[in-house]
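Single-letter residue listing:
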Amino acid sequence: NLLGPISSDPDWGVAVIRALTGVAVEELVKVAFEYAPARPSQHLDDQTRMDCLVVYRDVRGLHGAMAIETKLSDRFSSRRLPIASNARYIALTRALGIWEDAALSGASAANQLMRCHALAGSIGLRENLSLKPALWLIHHPDDSSADSVVGLYRSTLRAPETFITSTIAEVGAS
């Protein structure tokens, strides 16, 4: 697994996350692969999962949650949940302030990214983490569909600094 060393070698994980995302991570508090909450009803109340969840402490001592999603050979999920009418997503949009007001009803191709980002946000709120949730997308450099989905998702963000992208080549060079 591409992300395995984040857990097995935390110093490497911190260094790579810092170098590629610009997030001033000091310590990895929790790393969970193929993360889905044990009790979805306490979060988004759907089956959203992410490739990796990282809860971290930054250099100022503040804590945050980062969803990591990889798109190397598979396509973005064609499963579109009706998040615009979901009370949990509406509440998160208001509480976190990272999406534009119309984000829930638009950008259906970016639905998977929004759901992963929202799950990180839900975890952050539930665990009283002080930093805005981050979403780090790692994709293949030759995946032309990734560029369009990235652009579409970025257009929904009020806080674009919470969405980071890297290619697998950049991760491998780390």
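> Which residues make up the pattern of salt bridges, and what values go with them?
Enumeration over the complete set of coordinates arrives at five salt bridges. Of the charged contacts, one joins Arg49 and Glu34 as a salt bridge, the two residues approaching to 3.7 Å between their closest N and O atoms. Placement of Arg49 in the loop between β1 (25–35) and β2 (50–58) and of Glu34 in strand β1 is noted, with a sequence separation of 15 residues between them. You can call Glu34 partly exposed: its relative accessible area is 45%. Two residues, Glu100 and Arg158, come together in a salt bridge whose shortest N-O distance is 3.9 Å.

> With reference to specific residues and values, describe the packing of aromatic side chains.
Geometry of an aromatic ring pair is reported as the spacing of the ring centres plus the angle between the planes. If you walk through the whole model with that rule in mind, you get one aromatic pair. On the numbers, 5.0 Å between centres and 85° between planes, the contact of Tyr153 with Phe163 is edge-to-face. Separated by 10 residues along the polypeptide, Tyr153 in helix α5 (residues 144–154) and Phe163 in strand β5 (residues 163–167) bring together distant segments of the chain. Accessibility expressed as a relative area gives 0% for Tyr153, which makes it buried.

> Please set out helix α4 (residues 111–126) residue by residue, giving values where relevant.
Compared with the 22 Å implied by 1.5 Å per residue over 16 residues, the 22 Å span of α4 between its first and last C-alpha is a close match. With its phi angle positive at about 55°, Asn128 sits one or two positions after the end of α4.

> Talk me through the nonpolar core; I want residue IDs and the actual numbers.
Grouped together as the largest cluster of nonpolar side chains are 30 residues, with contacts concentrated most on Met50, Leu53, Trp99, Tyr153 and Phe163. Elements that contribute at least two residues to this core include exactly β1, β2, β3 (63–71), α3 (87–96), α4, β4 (134–139) and α5. The element contributing the most residues to this core is α4, with seven residues. In terms of nonpolar packing, the next biggest core, distinct from the first, is built from 20 residues, Ile6, Val16, Tyr56 and Ile68 among them.

Thresholds, definitions, all that
- Residues numbered from 1 in each chain as written.
- Predicted model: local features only at pLDDT ≥ 70, side-chain atom pairs only at ≥ 80, totals over all residues.
- Heavy atoms only, no water.
- Salt bridge = Lys/Arg side-chain N within 4 Å of Asp/Glu carboxyl O.
- Helix = DSSP H or I, 4+ residues; strand = E, 2+ residues; numbered from the N terminus.
- Buried < 20%, exposed > 50% of the residue type's maximum accessible area, 1.4 Å probe, protein only.
- Phe/Tyr/Trp six-rings, centres within 6.5 Å; stacked < 30°, edge-to-face > 60°.
- Expected span 1.5 Å × (residues − 1).
- Core = buried A, V, L, I, M, F, W, Y, C linked by side-chain atoms within 4.5 Å.

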